[in-house]
Amino acid sequence: MLSLHPDISSAESEIHFFDWEDQYKKGLQWYVGQMPFSYPHQLTVEKTPAYFTSVKVPERIYNMNSTIKLLLILRDPIERVLSDYTQVFYNHLQKNKSYPPVEDLLLRNGELNTDYKAINRSLYYSFMENWLSYFPLHNIHIVNGDYLIRNPFPEIQKVEKFLNLSPQINASNFYFNRTKGFYCLRDSGRERCLHESKGRAHPRINSFLLDKLRDYFHEPNKKILSTCWKDI
Ligand SMILES: Nc1ncnc2c1ncn2[C@@H]1O[C@H](COP(=O)(O)OS(=O)(=O)O)[C@@H](OP(=O)(O)O)[C@H]1O
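Everything quoted here is computed from the prediction, not taken from an experiment.

So, how was this worked out
- Residues numbered from 1 in each chain as written.
- Predicted model: local features only at pLDDT ≥ 70, side-chain atom pairs only at ≥ 80, totals over all residues.
- Helix = DSSP H or I, 4+ residues; strand = E, 2+ residues; numbered from the N terminus.
- Contact = placed C-beta atoms within 7 Å.
- Axes fitted to C-alpha atoms, helices over the stretch in contact; angles between N-to-C directions.
- Parallel < 35°, antiparallel > 145°, perpendicular 65-115°, else oblique.
- Near = placed C-beta within 6 Å.
- Nonpolar A, V, L, I, M, F, W, Y, C, P; charged D, E, K, R; others polar.
- Pairing = 2+ DSSP bridges.
- Buried ≥ 20, exposed ≤ 12 C-beta atoms within 10 Å, placed from the backbone.
- Expected span 1.5 Å × (residues − 1).
- Arc of directions from axis to C-beta.
- Bend = angle between axes of the 7 residues up to and from the residue.
- pLDDT = per-residue confidence, 0-100.

## What to know about the overall build of the chain
The helix and strand tally for the chain stands at nine helices and ten strands. For the chain, restricting intrachain contacts to residue pairs at least 6 apart in sequence, the fraction spanning at least 24 positions comes to 70%.

The structure is reproduced here in structure tokens:
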């Protein structure tokens, strides 16, 4: 979930991007609890994926700024489950710890293990309801994460429009990197892909588990699509 301070969003705004996770990795923990200062011409963006599923965060953000603009990237919930699993798997691997195969975690006695956190976190509508009790839908822009992977430019154009920014990014800012298997950014001759931990191959799952996941997410998917994502 990205939060944006809208009071300074104008065509002249420059984006000031702040990533708590990144600050943590760089060891700059003293920033925690305190947003960095930004200049009046800067549009401040903060990115914290864990906000979306937090029960307390919507109210806290509302109390800070009730007209804030929110960006939410959602992808096929099954892909999100597998992405979540893959991240945790590699985190364990880095610490030389083992992690069970995906089927062992997602299935219990032949049924979907709905207690597995990654499954719960993919029930988008259940979290969205809480956000919508504080923020109007028109202040939340949902980015289709699967489209973003396949063809990022149109998705970024929609984001610029939502933020009332004059178009600053164009199609030539993206190029497909065959080695990475994803689009990467090109700006003033400089090329940059997302970190190597993003875009790792997901485990292949058997059709039994896939069907269970499809069944489970069928109704919640319909709900989020019909209430929040009508233009897709
Ligand atoms: N251009 C490009 N390059 C690499 N990866 C891309 C790109 N665009 C979208 N993605 C998808 O973003 C997923 C990682 O985002 P995360 O949600 O894990 O990021 S974070 O939680 O905000 O840190 C990541 O998920 P995984 O594939 O599971 O790693 C990617 O599929």
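That was the structure; now back to the text.
## Considering the packing of helix 3 (residues 77-94) against helix 9 (residues 207-228)
Helix-helix packing is characterised by the crossing angle of the two axes and by the distance between the axes. Between helix 3 and helix 9, the shortest axis-to-axis distance is 10 Å and the interhelical angle comes to 120°. Considered as vectors, helix 3 and helix 9 are oriented oblique to each other. Touching Pro77, Ile78 and Val81 of helix 3 are Leu213, Phe217 and Asn221, all from helix 9.

## Quick notes on the site of the ligand
Around the ligand, the neighbouring residues are Pro49, Ser83, Thr86, Leu148, Ile149, Phe182, Tyr183, Leu194, Lys198, Gly199 and Arg200. Among the residues making up the shell around the ligand, the classes are represented as six nonpolar, three polar and two charged.

## A closer look at the sheet that holds strand 10 (residues 190-192)
Read across the sheet, three strands follow the order 8-9-10 without closing on themselves; strand pairing throughout is antiparallel. The two strands at the open ends of the sheet, each matched to only one other strand, are strand 8 (174-177) and strand 10. Each neighbouring strand pair of the sheet contributes to a mean axis angle of 35°, computed without reference to strand direction. Pairing geometry for strand 8 and strand 9 (residues 182-187), over four bridges, is antiparallel. Within strand 9, the position partnered with Phe176 by the bridge is Tyr183.

## Quick notes on the environment of Glu219
In this structure, Glu219 sits in helix 9. The exposure class of Glu219 is exposed, given the 9 C-beta atoms found within 10 Å. Sequence-wise, Glu219 and Lys97 are 122 residues apart; in three dimensions their C-alpha atoms are separated by 36 Å.

## A closer look at helix 3
If you check helix 3, its first and last C-alpha atoms are 26 Å apart, about what 18 residues at 1.5 Å a residue would give, namely 26 Å. Within helix 3, burial applies to Pro77, Val81, Leu82, Tyr85 and Phe89. Seen from one end, helix 3 has its buried residues packed into an arc of 145°, which puts them on one side. Structural note: helix 3 exposes Asn91 and Gln94 on the side pointing more than 90 degrees away from its buried face. The elements touched by buried residues of helix 3 are helix 4 (102-106), helix 5 (117-120), helix 6 (124-132) and helix 9.

## Some details on unusual backbone geometry
In this structure, Asn96 takes a positive phi of about 60° despite not being glycine. When you line up the elements, Asn96 lands in the loop between helix 3 and helix 4. The backbone of Asn164 sits at a positive phi, close to 55°, despite the residue not being glycine. Relative to the helices and strands, Asn164 resides in the loop between helix 8 (152-162) and strand 8. On the neighbour-count criterion, Asn164 (13 C-beta atoms within 10 Å) is partly exposed.

## A word on helix 9
When the terminal C-alpha atoms of helix 9 are compared, their 30 Å separation across 22 residues agrees well with the 32 Å that a helix rising 1.5 Å per residue should span. The largest bend along helix 9 reaches roughly 40° and is located at His218, with the proline Pro220 sitting one to four residues downstream. The complete set of buried residues in helix 9 reads Leu213, Phe217 and Ile224. Against the buried residues of helix 9 lie helix 3, strand 6 (111-112) and helix 6.

## Section: the confidence of the model for the chain
Looking at the chain as a whole, the pLDDT averages 88, with 84% of positions reaching at least 70. Across residues 6-11, where pLDDT falls below 50, the model places 15 contacts with residues more than four positions away in sequence or in other chains.

## What about the packing of helix 6 against helix 9?
Helix 9 packs onto helix 6 with a crossing angle of 35° between their chain directions and a minimal axis gap of 8 Å. Contacts between helix 6 and helix 9 involve Tyr124, Tyr125 and Met128 on the former and, on the latter, Pro220, Lys223, Ile224 and Cys228.

## Some words on the environment of Asn130
Tracing the backbone shows Asn130 in helix 6. Each C-alpha atom of the pair Asn130 and Asp187 lies 38 Å from the other, and the pair is 57 residues apart in sequence. Non-local contacts of Asn130, meaning those with residues more than four positions away in its chain, are made with Val55 and Pro58.

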